[in-house]
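# Structure assessment
This is what each chain is made of:
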Amino acid sequence: MGWLSSACSWVASAASSVVSYASEKVSQGLSWAREKAAKACDWIAEKGEGFIDKVKMFIEK
């Protein structure tokens, strides 16, 4: 039964490595997505602020 225990241990170790690798890649993907979303929000806020400033100038004339 020693070989069966070793085989199960190896399978569990391999599965743990795969899950760890996948978890790391998902985390990296989420970090990338958060970074891109933050940049997009900043861009939208900047453009919106410029638009509002133009509308205020138009109304004041």
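A few points on the structure. (Residues numbered from 1 in each chain as written. Predicted model: local features only at pLDDT ≥ 70, side-chain atom pairs only at ≥ 80, totals over all residues. Heavy atoms only, no water.)

## Some thoughts on the overall build of the protein
The helix and strand tally for the protein stands at one helix and zero strands. Taken over the C-alpha trace, the protein has a radius of gyration of 26 Å; the compact-globule value for 61 residues is 10 Å, which it surpasses by more than 25%. In terms of its C-alpha atoms, the protein occupies a principal-axis envelope of roughly 90 × 10 × 5 Å. Buried residues in the protein amount to 0% of all 61 residues. Summed over all atoms, the accessible surface of the protein reaches about 5,700 Å², with 68% contributed by carbon and sulfur. Of the side chains in the protein, 8 bear a positive and 7 a negative charge, and the two mean positions are spaced by 5 Å. (Helix = DSSP H or I, 4+ residues; strand = E, 2+ residues; numbered from the N terminus. Rg over C-alpha atoms; globule rule 2.2 N^0.38 Å. Buried < 20%, exposed > 50% of the residue type's maximum accessible area, 1.4 Å probe, protein only. Areas by Shrake-Rupley, 256 points an atom, 1.4 Å probe, with all protein chains shown as cover. Lys, Arg positive; Asp, Glu negative; His and termini not counted. Charge placed at Lys NZ, Arg CZ, Asp CG, Glu CD.)

## Thoughts on a nonpolar patch on the surface
A cluster of nonpolar side chains, contributed by Phe-51, Ile-52, Val-55, Phe-58 and Ile-59, occupies part of the molecular surface with about 560 Å² of accessible area. Here Ile-59 is to be found in helix α1 (residues 2-60). (Patch = residues over 30% accessible without salt bridge, like charges linked within 9 Å, V, L, I, M, F, W, Y side chains within 5 Å. Salt bridge = Lys/Arg side-chain N within 4 Å of Asp/Glu carboxyl O.)

## Points about the environment of Lys-54
Among the structural elements, Lys-54 can be located in helix α1. Note: C-alpha distance between Lys-54 and Tyr-21 (33 residues apart in sequence) is 50 Å.

## Some points on a negative patch on the surface
Taken together, the side chains of Asp-42, Glu-46, Glu-49 and Asp-53 make up a negatively charged region of the molecular surface. Mapping Asp-53 onto the fold places it in helix α1.

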